[in-house]
Amino acid sequence: MSGGKIVTIQRHIMEEQSLHPEARGDFTRLLWDLVVAGKMIAREVRKAGLIDILGQAGYQNVQGEEVQKLDEYAEKTIFRAMDHGGHLCVMGSEEVPDIIPIPEKFPKGHYVLLYDPLDGSSNIDVNVSVGTIFSVYRKKTPGIDGTLDDCLQPGTELVAAGYIVYGSSTMLVYTTGHGVHGFTLDPSMGEFLLSHENIRIPPRGKIYSINEGNYNFWDDATRAYVKHVKQMDPSTGRPYSLRYIGTLVADAHRTLLKGGIFLYPMDYKDPKRPQGKLRLLYEANPMAFIIEQAGGAATTGTQRIREIQPAALHQRVPLIIGSADEVRLYERFVREGSSTGPSALAGTPAGQKAG
Ligand code: P6P
């Protein structure tokens, strides 16, 4: 926690701008507009149970998922907050099939915004944390209008990424490549105040986060890794603990603060979707940028998430993120491919380095 000094997110973003000599204020104002959208979504999430904004909107999104009314509100709020500022050349939303052009009547800018307006929305009506995820890239193609190619950039090209988690409190966590910083919304003031400066993820952690219901559809390496972390660790007298909220933003936020590992690996329950459920552009890349900036790691099991060259707007990838040592151990299970995991570790309790 940041003792003493009172820093609003607006002030912090301004200070971050000074770290980017080429920044002309455009980027700062883009993030400011995004913060406004986040505050408006937070307000609606907080009172969702009180007004007729719960429940389903009556249609499915591009993912084939039932759209919740709050999904729709979040989508429209971000679009309306971001379409006229003159900072963006194109947008992309996890809820929208194609790229979202900037309306002709508005000026266009040099940045690309990709966002998941309300991640975990199936949790809304049971009062479990949900979130918003955003990614910012520079425009790469010539001309004024943004294109699909401007959206299909690898995560190594990210200039900013962040999320808002609507939980017991509302927190905004973001990075522009100079560390990861967390702000807690003071609803009485409507201000996000710096509460977690320069977040660092612990190199190890005793929490694993995965949907065990998919066990029968995992590959051998994932099964072997999960079996490994369930073994008794004599150094702590217990195995790892399982925590799974079912909202990526909330599971990733806990992993960032407490360490451990989050896994949404390949699963074979849906032959049309062997790459797992999470979207590269809208979920995996922004979370990978944040976790790496905090000292962690993000992989598919065989490839660094941020080095994947996207081929499609809604491309899905396996996502394993968390403490660097934990992610590297998972990669060893994949690499060594044995059904009992890395031979040197066979029988070694979880949490202990092999000889
Ligand atoms: P499952 C929410 O729908 C989401 O996209 C992520 O936020 C979350 O991590 C994942 O799906 C949960 O999926 O299959 O475990 O319900």
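Preceding this section is the structure that the text describes.
Below or above, wherever it landed, is the structure these notes cover. Keep in mind that what you see is a predicted model, and the values were worked out from it rather than measured.

### Some remarks on the pairing of strand S5 (residues 111-119)
In step 1: Judged by how many residues are buried, S5 sits mostly within the fold: nine of nine residues are covered.
In step 2: In terms of strand pairing, strand S3 (residues 88-93) meets S5 through five bridges, oriented parallel. Paired with Gly92 across the bridge in S5 is Leu114.
In step 3: Direction of pairing for S5 relative to strand S6 (residues 130-138): antiparallel, over a ladder of seven bridges. Counted as the bridge partner of Asp116 is Ile133 from S6.

### Structural notes on the pairing of strand S8 (residues 170-175)
In step 1: Taken across its six residues, S8 has six buried, putting it largely inside the fold.
In step 2: Pairing analysis gives six bridges linking strand S7 (residues 160-166) to S8, with the strands arranged antiparallel. Bridge assignment links Ile164 to a residue of S8, and that residue is Leu172.
In step 3: The hairpin formed by S7 and S8 contains three residues between the paired strands.
In step 4: Between S8 and the antiparallel strand that follows it, strand S9 (residues 180-186), lie four residues; Gly177 among them carries a positive phi value of about 95°.

### A short note on unusual backbone geometry
In step 1: In this model, Asn127 sits at a positive phi of 60°, which is unusual for a non-glycine residue.
In step 2: As for its position among the elements, Asn127 is in the loop between S5 and S6.
In step 3: Even without being a glycine, Asn198 presents a positive backbone phi close to 50°.
In step 4: Mapped onto the fold, Asn198 is located in the loop between strand S10 (191-196) and strand S11 (207-209).
In step 5: Asn198 gets classed as partly exposed once you look at its relative accessible area, which sits at 42%.

### Overview of the pattern of salt bridges
In step 1: Enumeration over the complete set of coordinates arrives at 22 salt bridges.
In step 2: Put simply, Glu292 and Arg306 hold a salt bridge, and the shortest N to O gap is 2.8 Å. In this pair, Glu292 is assigned in helix H7 (residues 280-293) and Arg306 in the loop between strand S14 (297-299) and strand S15 (319-322), connecting sequence segments 14 residues apart. Neither residue differs from the other here; Glu292 and Arg306 are each classed as buried.
In step 3: Between Arg332 and Glu336 there is a salt bridge, and its shortest N-O distance comes to 3.6 Å. Of this pair, Arg332 and Glu336 both sit in helix H8 (residues 324-336), four residues apart, which is roughly one turn of the helix.
In step 4: For Arg332, a relative accessible area of 24% translates into the label partly exposed.

Rules behind the numbers
- Residues numbered from 1 in each chain as written.
- Predicted model: local features only at pLDDT ≥ 70, side-chain atom pairs only at ≥ 80, totals over all residues.
- Heavy atoms only, no water.
- Buried < 20%, exposed > 50% of the residue type's maximum accessible area, 1.4 Å probe, protein only.
- Helix = DSSP H or I, 4+ residues; strand = E, 2+ residues; numbered from the N terminus.
- Pairing = 2+ DSSP bridges.
- Salt bridge = Lys/Arg side-chain N within 4 Å of Asp/Glu carboxyl O.

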